[in-house]
Amino acid sequence: MNKKKEIVMSGIRPTGFLHLGNYFGAISNYVKMQDDFECFFMVADLHSLTTHPDTKELKGNVHRVLAENIACGLDPEKVALYCQSHVHQTGELYLYLNMLAYKGELEKTATFKDKARLHPDNINAGLLTYPVLMAADILIHRAKYVPVGKDQEQHLEIARTYVNRFNHRYGEVFPEPVAYNFDNKLVKVPSLDGGGKMSKSENKLATLYLADEDTDIRKKVMKAKTDSGPVENNSKKPDYIENLFLLMKLVSTKETLNHFEDRYNDCSIRYGDMKKQLAEDMVSFISPIRNKVNAILDDEAYLQKIMKHGAEKATEHAEITMKMVRNAMHLNYFI
Ligand code: TYM
């Protein structure tokens, strides 16, 4: 008999071009999980409305995120790849979870505070309840593992709080979801300027996008912050140098990485050489993905088909959960 696969769920907002942070924090894990788990991956278009109310570019952005996921190796036949707004059951669960969510807790969420600071004239209720909608995305599939980057850890903690409140109040329906990374540790891919992380909307000149042209990749890497080099053998690396090594670890061979580690440790490192090598390895990593994305984007009929198929799979699964939820909450008056 086939062992029932454990359930995995995750999502990405269509708020701009995807970058190396999205790749290593999220998508590379999706790809590694797609054979052994039952996977639900979506484009979080509703979440994007909390900060991007102008929807003129939404369709193009949704298509791009789908294409970027597929170009990175996600197989829409193996996973449910869908759009958040196509699964209407999520809205219903979001409503119920809102009754288990306290305003004071939501106001303390780091992402709420950051976004409220960035958009002081649009602190809407959707922004405040962002983690509730995210919990609904995960719980609608009763997912156990949620592959995400380090920045989403607090949202997962909040989702677990709602699971416990729900299960305690209405009976056991949901497992506790955990943030997941294949290498155990959640990752934060740093920006090239030594401050902050790679991001779809901030730090654009210090972020490497999957859509970047080769010349831009080279330019950005060559501009990365360095210094005049270590003066003592085996000294501790400053953060911005550590970051360069981290990027090298992600895209270069072990030999290359070891070579520059050794040069660093015996103080003979030349950062110009290191960055040149990193830039070339980065180009080799990104350019095939970029080319595949462009080919997929040219085939709108294919993308429509993927979206429809994904929505059907995800909706069917979500409805099973909602039946359990309505029963547990005694909202079924006809039975
Ligand atoms: P979003 O769209 O900001 O990011 C998508 C994924 O990329 C990861 N990520 C990073 N990882 C490492 N280093 C970085 N510099 C970096 N930047 C982004 C994020 O951690 C995320 O995994 N709230 C989510 C979207 C969402 C979701 C969900 C996720 C909506 N519903 C349900 C999981 C489950 C977000 O804004 O991701």
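Residues numbered from 1 in each chain as written. Predicted model: local features only at pLDDT ≥ 70, side-chain atom pairs only at ≥ 80, totals over all residues. Heavy atoms only, no water.

Participant: Hey, could you go over the environment of asparagine 203 for me, with residue numbers and the actual values?
Facilitator: By secondary structure assignment, the location of asparagine 203 is in the loop between β5 (178–180) and α10 (214–222). Each C-alpha atom, one on asparagine 203 and one on serine 191, is 7.2 Å from the other, the two residues being 12 residues apart in sequence. Not counting the four nearest positions on each side in its chain, asparagine 203 is found in contact with Ser191, Asp193, Gly195, Gly196 and Lys197. For asparagine 203, the side chain forms a polar contact with the main-chain oxygen of lysine 197, separated by 3.5 Å. (Helix = DSSP H or I, 4+ residues; strand = E, 2+ residues; numbered from the N terminus. Contact = heavy atoms within 4.5 Å. Polar contact = N/O pair within 3.5 Å; in protein donor to acceptor, adjacent residues only side chain to side chain.)

Participant: Please provide a residue-by-residue account of the packing of aromatic side chains, values included.
Facilitator: Tallied over the entire structure, the rule returns 10 aromatic pairs. Ring geometry for tyrosine 180 and phenylalanine 182: centres 5.9 Å apart, planes at 90°, overall edge-to-face. Assessed through its relative accessible area of 34%, phenylalanine 182 is described here as partly exposed. On the basis of an interplanar angle of 80° and a centroid distance of 6.1 Å, the ring pair of phenylalanine 245 and tyrosine 264 is categorised as edge-to-face. Residue phenylalanine 245 is found in helix α11 (residues 239–251), and its partner tyrosine 264 is found in helix α12 (residues 254–265); the two are separated by 19 residues along the sequence. Members of the aromatic cluster, joined through ring pairs, are Phe37, Tyr145, Tyr180 and Phe182. Sitting over the ring of tyrosine 240, lysine 225 keeps its end group 4.5 Å from the ring centre. (Phe/Tyr/Trp six-rings, centres within 6.5 Å; stacked < 30°, edge-to-face > 60°. Buried < 20%, exposed > 50% of the residue type's maximum accessible area, 1.4 Å probe, protein only. Lys NZ or Arg CZ within 6 Å of the ring centre and 35° of its normal.)

Participant: Go over the site of the ligand, please, and point to the residues and values.
Facilitator: Neighbouring residues of the ligand: 28 residues in total, closest Tyr130, Asp137, Asp151, Val189 and Lys200. One of the side-chain nitrogen or oxygen atoms of aspartate 151 is found 2.5 Å away from an oxygen atom of the ligand. Backbone polar atom of valine 189 to a nitrogen atom of the ligand: 2.7 Å apart, as the coordinates give it. Burial of the ligand by the surrounding chains reaches 97%, relative to a free accessible area of 710 Å². Going through the elements one at a time, β1 (7–12), α1 (20–33) and α8 (130–139) are the ones with two or more residues in the shell around the ligand. (Near = heavy atom within 4 Å. Areas by Shrake-Rupley, 256 points an atom, 1.4 Å probe, with all protein chains shown as cover.)

Participant: Please give an account of the pairing of β1 that cites residues and values.
Facilitator: Here β1 lies mainly inside the structure; five of its six residues are buried. As defined by bridge partners, β1 adjoins strand β2 (residues 38–43) across six bridges and the pair is classed as parallel. Within β2, the residue paired with isoleucine 12 across the bridge is valine 43. Tracing the backbone out of β1, into α1 and back to the parallel element β2 gives a crossover that is right-handed. (Pairing = 2+ DSSP bridges. Right-handed = clockwise from strand over helix to strand, strands pointing away.)

Participant: Lay out the side chain of aspartate 45 in plain terms, naming residues and giving numbers.
Facilitator: The topology assignment puts aspartate 45 in helix α2 (residues 45–48). Buried charged residue aspartate 45 carries no salt bridge. Nearest counter-charge: arginine 13, at 11 Å. Look past the residues within four positions of aspartate 45 in its chain and what remains in contact with it is Pro14, Leu58, Val62, Cys83, Gln84 and Ser85. (Lys, Arg positive; Asp, Glu negative; His and termini not counted. Salt bridge = Lys/Arg side-chain N within 4 Å of Asp/Glu carboxyl O.)

Participant: So what's going on with the domain arrangement of the chain? Residues and values would help.
Facilitator: Interfaces are often described in size by the accessible area the parts lose on coming together. When cut into domains, the chain gives domain 1 (7–180 + 299–328) and domain 2 (204–294). Between domain 1 and domain 2, the C-alpha centre-to-centre distance is 32 Å. Listed by partner, the interface residues are 11 residues for domain 1 and 15 residues for domain 2. A buried area of about 1,100 Å², summed over both sides, lies between domain 1 and domain 2, and 81% of it is on carbon and sulfur atoms. Considering only the surface of domain 1 that becomes buried against domain 2, Leu20, Phe24 and Ala71 emerge as the three largest contributors, covering 47% of it. Where domain 1 touches domain 2, the interface holds zero salt bridges. Viewed at the interface, domain 2 and domain 1 are joined by two residue pairs in polar contact (both at pLDDT 80 or more). Of all the secondary-structure elements, those providing two or more residues to the side of domain 1 that touches domain 2 are α1 and α3 (58–71). Examining the composition of the side of domain 1 that touches domain 2, we find that four residues originate from one element, α3, more than from any other. Residue composition of the side of domain 1 that touches domain 2, by class: eight nonpolar, one polar and two charged. (Domains from an automatic or database assignment. Buried area = accessible area lost by both parts, 1.4 Å probe. Nonpolar A, V, L, I, M, F, W, Y, C, P; charged D, E, K, R; others polar.)

Participant: Which residues make up the side chain of lysine 115, and what values go with them?
Facilitator: Structurally, lysine 115 can be placed in helix α6 (residues 110–118). Contact partners of lysine 115, with chain neighbours within four places excluded, come to Arg13, Thr51, Leu127 and Tyr130.

Participant: Residues and numbers for the nonpolar core, please.
Facilitator: Judged by nonpolar contacts, the single largest core of 62 residues is most densely connected at Leu20, Leu208 and Met282. In terms of domain composition, this core takes at least three residues from each of domain 1 (7–180 + 299–328) and domain 2 (204–294). Apart from residues no more than four positions distant in its own chain, leucine 20 is found in contact with Gly25, Val189, Met198, Leu208, Leu210, Leu247, Met282, Phe285 and Ile286. One finds Val87, Leu93, Leu97 and Ile158 within the second-largest nonpolar core, a separate group that totals 43 residues. (Core = buried A, V, L, I, M, F, W, Y, C linked by side-chain atoms within 4.5 Å.)

Participant: Pulling in residues and values, what's your account of the packing of α10 against helix α13 (residues 271–297)?
Facilitator: Packing of α10 against α13 leaves a shortest axis separation of 9 Å and a crossing angle of 150°. One element, α10, and the other, α13, form an angle in the roughly antiparallel class. In this structure, α10 meets α13 at a crossing whose hand is right-handed. Contacts between α10 and α13 involve Asp214, Ile217, Arg218, Val221 and Met222 on the former and, on the latter, Gly272, Lys275, Lys276, Leu278, Ala279, Glu280, Met282, Val283, Ile286, Ser287 and Arg290. Its residues placed into classes, the contact of α10 with α13 shows eight nonpolar, two polar and six charged. (Axes fitted to C-alpha atoms, helices over the stretch in contact; angles between N-to-C directions. Parallel < 35°, antiparallel > 145°, perpendicular 65-115°, else oblique. Left-handed = near helix turned anticlockwise from the far one by under 90°.)

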